[in-house]
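Structure assessment
What follows is each chain in one-letter form.
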Amino acid sequence: MNTTATCSNQPWNKGKLVGQKAPLRLSDIWAIRVRLQLAEKTRDLALFNLAIDSKLRACDLTKLRVRDVAHGEHVSSRAIVMQQKTQRPVQFEITEQTRTVLEAWMHQAQLRSEDCLFPSRLHGSDHLSTRQYARIVKAWVTAIGLDPTMYGTHTLRRTKASLIYRRTKNLRAVQLLLGHTKLESTVRYLGIEVDDALEMAEQTEV
């Protein structure tokens, strides 16, 4: 049976709630972190923290190799990767808490420089698939009592960007962090409402 052909004939959004996925709140972030820490799920905590920090799309996050974020056994404070969708490089920060858990995960999994940072546990794939990643995210949000239909992998990409925008109103900075080629894409991605735009205009004197 050709599963690829079967899947391709089925709409990707069949049975799914379509629309922007909500970002996490700070309280949600810490609720997930604490659960993963208590459960001693080092890989999941490393994946969660790096997803928040990097703001990468699922296709880019899951394909990261150790050498993309680390030199030897030490994780860098900044990294740069080529985005699959745009074929443009994007740089991101790796905070201290993320570096600590990544180093613990690399040591635990005995990963080498050329290895995938998040290897697949399934045969036939070098790295975690975007589908597997989506299931993991669903489990995270469900565990803290959130509606899994309202959140997804883009939730993790959008979370820190949304927090930065709310604090600074600096669209250009968020555009660079997300690796968007057009500012309009950032506006749509963040779901900025007309009221936000008017508020920014009112606070700007010319």
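Our subject in this report is the structure included herewith. No experiment lies behind these values; they were computed from the predicted model shown.

Counting residues in each nonpolar core, the largest one holds 40 residues, and the members touching the most others are Leu24, Phe48, Leu50, Leu117, Phe118 and Tyr133. Taken together, the elements giving at least two residues each to this core come down to α2 (26-38), α3 (42-54), α4 (58-61), α5 (66-69), β3 (78-82), β4 (89-93), α6 (96-109) and α7 (130-143). Per-element accounting of this core gives the leading share, seven residues, to α3. Among all residues touching Leu50, those that are not within four sequence positions of it are Lys55, Leu61, Leu64, Phe92, Ile94, Thr98, Leu102, Leu117 and Phe118. Residues Tyr165, Leu171, Tyr189 and Leu190 belong to the second largest nonpolar core, which totals seven residues.

Moving on to unusual backbone geometry. Most peptide bonds adopt trans geometry, and most residues besides glycine take a negative phi value. The phi dihedral of Gln87 is positive, around 55°, even though this residue is not glycine. With respect to the helices and strands, the residue Gln87 is situated in the loop between β3 and β4. Look at Gln87 and you get exposed, because its relative accessible area is 55%. The backbone of Lys169 shows a phi angle near 60°, a positive value even though the residue is not glycine. What makes Lys169 partly exposed here is its relative accessible area of 23%.

With that settled, the discussion passes to the packing of α3 against helix α8 (residues 153-168). Contact geometry of α3 with α8 gives a least axis separation of 7 Å together with a crossing angle of 50°. By the angle class used here, α3 and α8 are oblique. In this structure, α3 crosses over α8, and the sense of that crossing is right-handed. Where α3 abuts α8, its residues Phe48, Ala51, Ile52 and Asp53 lie against Leu156, Thr159 and Lys160. Residue classes in the contact of α3 with α8 are distributed as four nonpolar, one polar and two charged.

Rules used throughout
Residues numbered from 1 in each chain as written. Predicted model: local features only at pLDDT ≥ 70, side-chain atom pairs only at ≥ 80, totals over all residues. Heavy atoms only, no water. Core = buried A, V, L, I, M, F, W, Y, C linked by side-chain atoms within 4.5 Å. Buried < 20%, exposed > 50% of the residue type's maximum accessible area, 1.4 Å probe, protein only. Helix = DSSP H or I, 4+ residues; strand = E, 2+ residues; numbered from the N terminus. Contact = heavy atoms within 4.5 Å. Axes fitted to C-alpha atoms, helices over the stretch in contact; angles between N-to-C directions. Parallel < 35°, antiparallel > 145°, perpendicular 65-115°, else oblique. Left-handed = near helix turned anticlockwise from the far one by under 90°. Nonpolar A, V, L, I, M, F, W, Y, C, P; charged D, E, K, R; others polar.

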